[in-house]
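# Architecture and fold: a report
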Amino acid sequence: MVFDRRTLTVFPDQGKITLTTLGDHSRVHADLALPENPDGYQYDYLTDDEWEYTESTLHYRNGEWYIHLGYRTPKQDADESTTQYGAVLGVDFGVNQIAVTSTARFFGAGELNHYRRECERVRGELQGTGTQSAHRTIEQLSGREQRYVKHVLHSVANGIVEEALAHDCAGIILEDLSDIRDDLPFAQWHSEWAFRKLKDFVEYKAEYEGLFVDTIDPRNTSKRCNECGFVHGKNRHSEAFECRHCGKQNHADYNAAKNVAELYLRRGHQPPRGRSVSQYALKSGSRTPS
């Protein structure tokens, strides 16, 4: 289980940490296991202002619980000249691709689809037996499946934030998820929960890096040609996109990711905290909508 700064607090002077739990339970208090040698590197993480804790993981092994604390050097605040103006990274959510960015980074859903199909097959076989043992096994399988999906979504969220940082973006633009169930009814890996969980992961990881996250109504992002702006329902054919007006061909999800960013700028959206953005990041360079 992954914890972050919202759900885990470190008290170095007391040698303790606290963890948020579900429901009405009080926070869990745990002792830090530190070496007897006060010169150990672990003490530097706890006492040196150059380090701060970040994502940490809770593990269960051989009947014992362990929390592995993650530390990193905090990102320096950018100066006024770099925070006032910048580019955004567009992200499209999809079926065969979990996410695609306007910089042409693809996060495929192939392995996740395969894993979920296998879980569904095993679940069907167990349901056919109808025994109590099979029911317990189904519950365990569902728990493993959900943990695996979360792990994959964490990796995708990390990749999206890394892509934004690598292209000097000020923020990340995602699709509004209000109608995601209607837009992607046949996605094998998805559920409304998974898409929203991915959005949550991107938001808090981006916030830690000083990036803003905003959303846009995804209307026409999959039908619009990013090159000429022509909108037509027959422009897209599964994963292929070919504009019926200018003939431009591209991967449909990549075309949509660029549209997510461009339409965000065209529709007059502006990010929080007084920033101003006028471009969106591409695989090479950036583009300002004309």
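Treat the numbers as computed from the prediction; the structure is a model and nothing was measured.

Along the backbone of the protein chain there are 7 helices and 18 strands. The buried share of the protein chain, taken over its 290 residues, is 38%. For the protein chain, long-range pairs separated by at least 24 residues make up 58% of all intrachain contacts whose partners lie at least 6 apart in sequence. Working note: accessible area of the protein chain is about 16500 Å², and carbon and sulfur atoms make up 46% of it.

The next thing to look at is the sheet that holds strand E14 (residues 236-237). The strands that make up a sheet are held in pairs by hydrogen bonds between backbone atoms, and each pair lies either parallel or antiparallel. With antiparallel pairing, 3 strands are arranged side by side in an open sheet as E14-E15-E16. Of all strands in the sheet, those bounded by a partner on one side alone are E14 and strand E16 (249-251). The pairing of strand E15 (residues 240-242) with E16 spans 3 bridges and is classified as antiparallel. Looking at E16, one finds that Phe241 is bridged to Asn250. Sitting on the sheet, helix H7 (residues 252-266) is in contact with E14, E15 and E16, with an inclination near 90 degrees to E16.

Now for the side chain of Lys199. The topology assignment puts Lys199 in helix H6 (residues 192-208). Exposure remark for Lys199: the relative accessible area of 19% places this residue in the buried category. Excluding residues that lie within four positions of it along the chain, Lys199 makes contacts with Leu174, Leu177 and Thr215.

This part covers a negative patch on the surface. Taken together, the side chains of Asp39, Asp44, Asp48, Asp49 and Glu50 present a region of like negative charge at the surface. Inspection of the secondary structure assignment puts Asp44 in helix H1 (residues 41-47).

Contact geometry for helix H3 (residues 110-129) and helix H4 (residues 132-166): axes closest at 9 Å, N-to-C directions at 170 degrees. Classed by the angle they form, the pair H3 and H4 counts as roughly antiparallel. Two secondary-structure elements touch here, H3 through Glu111, Leu112, Tyr115, Arg116, Cys119, Val122, Arg123, Leu126, Gln127 and Thr129 and H4 through Ala134, Thr137, Ile138, Leu141, Ser142, Arg144, Glu145, Tyr148, Val149 and Val152. Split into classes, the residues belonging to the contact of H3 with H4 amount to 11 nonpolar, 4 polar and 5 charged.

So, about the packing of aromatic side chains. With the rule as written, the count across this model stands at 5 aromatic pairs. Geometrically, the ring pair formed by Tyr60 and Trp65 is tilted, given 4.7 Å between the ring centres and 50 degrees between the ring planes. For the pair shown, Tyr60 and Trp65 are each scored as exposed. One residue, Arg61, lies across the ring of Tyr66, its end atom 4.5 Å from the ring centre. The ring of Tyr254 has Lys258 lying over it, and the distance from NZ or CZ to the ring centre is 4.4 Å.

Residue placement: Val152 occurs in helix H4. What makes Val152 buried here is its relative accessible area of 15%. Ignoring anything within four residues of it in the chain, the contact list for Val152 reads Ile98 and Leu112.

The next point concerns the nonpolar core. Core analysis: the largest hydrophobic core is formed by 29 residues, its most contacted members being Val91, Phe93, Val156, Ile160, Ile172 and Leu198. Secondary-structure elements contributing two or more residues to this core are strand E9 (85-93), strand E10 (97-101), H4, strand E12 (169-175) and H6. Look past the residues within four positions of Val91 in its chain and what remains in contact with it is Ala99, Val100, Thr101, Ile160, Ile172, Ile173, Leu174, Glu175, Ala257 and Val260. Within the second largest apolar cluster, 13 residues are counted, among which are Val88, Ala170, Ile173 and Phe212.

Here is what the cut-offs are and how they apply
Residues numbered from 1 in each chain as written. Predicted model: local features only at pLDDT ≥ 70, side-chain atom pairs only at ≥ 80, totals over all residues. Heavy atoms only, no water. Helix = DSSP H or I, 4+ residues; strand = E, 2+ residues; numbered from the N terminus. Buried < 20%, exposed > 50% of the residue type's maximum accessible area, 1.4 Å probe, protein only. Contact = heavy atoms within 4.5 Å. Areas by Shrake-Rupley, 256 points an atom, 1.4 Å probe, with all protein chains shown as cover. Pairing = 2+ DSSP bridges. Axes fitted to C-alpha atoms, helices over the stretch in contact; angles between N-to-C directions. Patch = residues over 30% accessible without salt bridge, like charges linked within 9 Å, V, L, I, M, F, W, Y side chains within 5 Å. Salt bridge = Lys/Arg side-chain N within 4 Å of Asp/Glu carboxyl O. Lys, Arg positive; Asp, Glu negative; His and termini not counted. Charge placed at Lys NZ, Arg CZ, Asp CG, Glu CD. Parallel < 35°, antiparallel > 145°, perpendicular 65-115°, else oblique. Nonpolar A, V, L, I, M, F, W, Y, C, P; charged D, E, K, R; others polar. Phe/Tyr/Trp six-rings, centres within 6.5 Å; stacked < 30°, edge-to-face > 60°. Lys NZ or Arg CZ within 6 Å of the ring centre and 35° of its normal. Core = buried A, V, L, I, M, F, W, Y, C linked by side-chain atoms within 4.5 Å.

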